[in-house]
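These are the residues of each chain, in order.
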Amino acid sequence: MSVQPGWYVDPADTETRRYWDGEGWLGAPIPVDATPPDGPPPPEPVTPPEPPTPPTSGQTSPGPVAPGWPPHQGPQPGPQPGYGPPPGHGPGWGPQAGPPGWGPQGGPPGWVPPGDQSAGTPPAGQPGWAPPAGQPGWAPPAGHPGWAIRPPEPRPHGLRLAGYGRRLAARLIDLALLLALNVVVNGWFVWRWAQEWAPYWQELFRRAARGDTSAEGLPVPGEQAGSLLVVILLIATALWLAFEVPAMAAGGQTVGKRVMRIRAVPMAADQPLGFGRALSRWSTLGLPTLLWYCAGIGLVLQFVDSLSPLWDHPLRQALHDKRAQTVVVEVPYRPASAPSNDRDQPPGDTP
């Protein structure tokens, strides 16, 4: 229930009366025993404001004061002259309070201070409200999509995991070197195998040029074609084994891995792989080369193995890493030590 406008004893100074307009005190006070006018007091003459005085060192300039506010708005102890609650209100009514029935800070009944609306949080005191992020007691809402805290990336033996781009580049470098070795060692067998298949492909291309799609009467490859393919795959697999396993067993690096500054280490300890673990790791990826003879099944297995680090989390292990219990990490960069300066050494006898 609001208080009707009228002249009432000022609670801040009981020897004076002031006019209450329903929302606040209006005008200057009059003595309590004086007869108040019938209506509100006449408006007070407005005096031009004095120019602000520049603050001295160590002082701050007071902010602007809104028109119509009482003269005592600062944090003054105790009741101040010219300010007080409306009639009928007891102690505890402060400068931020409103008429009867209003909530804190002068809002309507049930009103509470708003939350951080810019962050999308509900008002304080409402269901689902939580302190702003970073404040004591703050936590993301349970079950809220996208609010899960991502765990930090593991660092085996204190080293960063190698990215897929580096691993792919290292593998391509190794394959280029292996191809060069096969040209030297395996080239004659590949040429003989191509000669066995040459009549078949030549006739197939002639028919395609004429628009003939029939497969009847095509020349059959020679009997040595199958045997030559087996020999080619055996030599290629043996070259890969000799190229990769000894190097990985000694230092966890092939030529490509050295160039890309990555290496394979056991998950248990930062130490050389050893021949057994290096062979187990290579055989998962290298031995399927022999299955190229079976409609290219080995090539499909190697392709899946090479892509497997893309969906393995959090250690980015390929299938051959999982079998050998290894991880691929980055090699930290160690700059070359500065050359020693003999002048920095203490003087002594020279031999």
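Keep in mind the model is a prediction, meaning the values are calculated, not measured.

Below, the discussion takes up the overall build of the protein chain. In terms of helices and strands, the protein chain carries seven helices and five strands. Starting at the N terminus and walking to the C terminus, you meet the elements of the protein chain as β-β-β-α-α-α-α-β-α-α-α-β. Classification of the 351 residues of the protein chain by burial places 26% in the buried group. Restricting to contacts in the protein chain with at least 6 residues of sequence separation, those with at least 24 account for 54%.

What follows deals with the side chain of E196. Within the secondary structure, E196 sits in helix α2 (residues 187-210). Setting aside residues up to four positions removed in sequence, E196 forms contacts with P221, G222, E223, Q224, A225 and L228.

The next point concerns the side chain of D321. Mapped onto the elements, D321 comes out in helix α7 (residues 319-324). Polar side-chain contacts of D321 include one of 2.7 Å to the side chain of R167. Side chain to side chain, D321 and T326 meet in a polar contact 2.8 Å long. Apart from residues lying up to four places away in sequence, D321 is in contact with R167, R281, T326 and V328.

Pairing of side chains with opposite charge becomes possible as their charged atoms draw close. Enumeration according to the criterion identifies ten salt bridges in this entry. We note a salt bridge from R166 to E330, for which the minimum N-O separation is 3.9 Å. With R166 in helix α1 (residues 164-185) and E330 in strand β5 (residues 326-330), this pair connects stretches of sequence that are 164 residues apart. Its relative accessible area of 18% is what places E330 among the buried residues.

Moving on: the sheet that holds strand β3 (residues 25-31). Spatial ordering of the open sheet is given by β1-β2-β3, a layout of three strands whose pairing is antiparallel. Strands with a single pairing partner mark the edges of an open sheet, and in this sheet they are β1 (6-9) and β3. Here the strands of the sheet are splayed against their neighbours by 30 degrees on average, with no regard to which way each runs. Here four bridges tie strand β2 (residues 16-20) to β3, and the two strands are oriented antiparallel to one another. Across the sheet, Y19 pairs through a bridge with L26, a residue of β3.

Right, let's get into the packing of helix α5 (residues 274-286) against helix α6 (residues 297-307). In contact at an axis separation of 8 Å, α5 and α6 are set at 125 degrees when each is read in the N-to-C sense. Between α5 and α6, the interaxial angle falls into the category oblique. Across the interface between the two elements, T284, L285 and G286 from α5 touch Q302, D305 and S306 from α6. Of the residues belonging to the contact of α5 with α6, the class tally is one nonpolar, four polar and one charged.

Calculation notes
- Residues numbered from 1 in each chain as written.
- Predicted model: local features only at pLDDT ≥ 70, side-chain atom pairs only at ≥ 80, totals over all residues.
- Heavy atoms only, no water.
- Helix = DSSP H or I, 4+ residues; strand = E, 2+ residues; numbered from the N terminus.
- Buried < 20%, exposed > 50% of the residue type's maximum accessible area, 1.4 Å probe, protein only.
- Contact = heavy atoms within 4.5 Å.
- Polar contact = N/O pair within 3.5 Å; in protein donor to acceptor, adjacent residues only side chain to side chain.
- Salt bridge = Lys/Arg side-chain N within 4 Å of Asp/Glu carboxyl O.
- Pairing = 2+ DSSP bridges.
- Axes fitted to C-alpha atoms, helices over the stretch in contact; angles between N-to-C directions.
- Parallel < 35°, antiparallel > 145°, perpendicular 65-115°, else oblique.
- Nonpolar A, V, L, I, M, F, W, Y, C, P; charged D, E, K, R; others polar.

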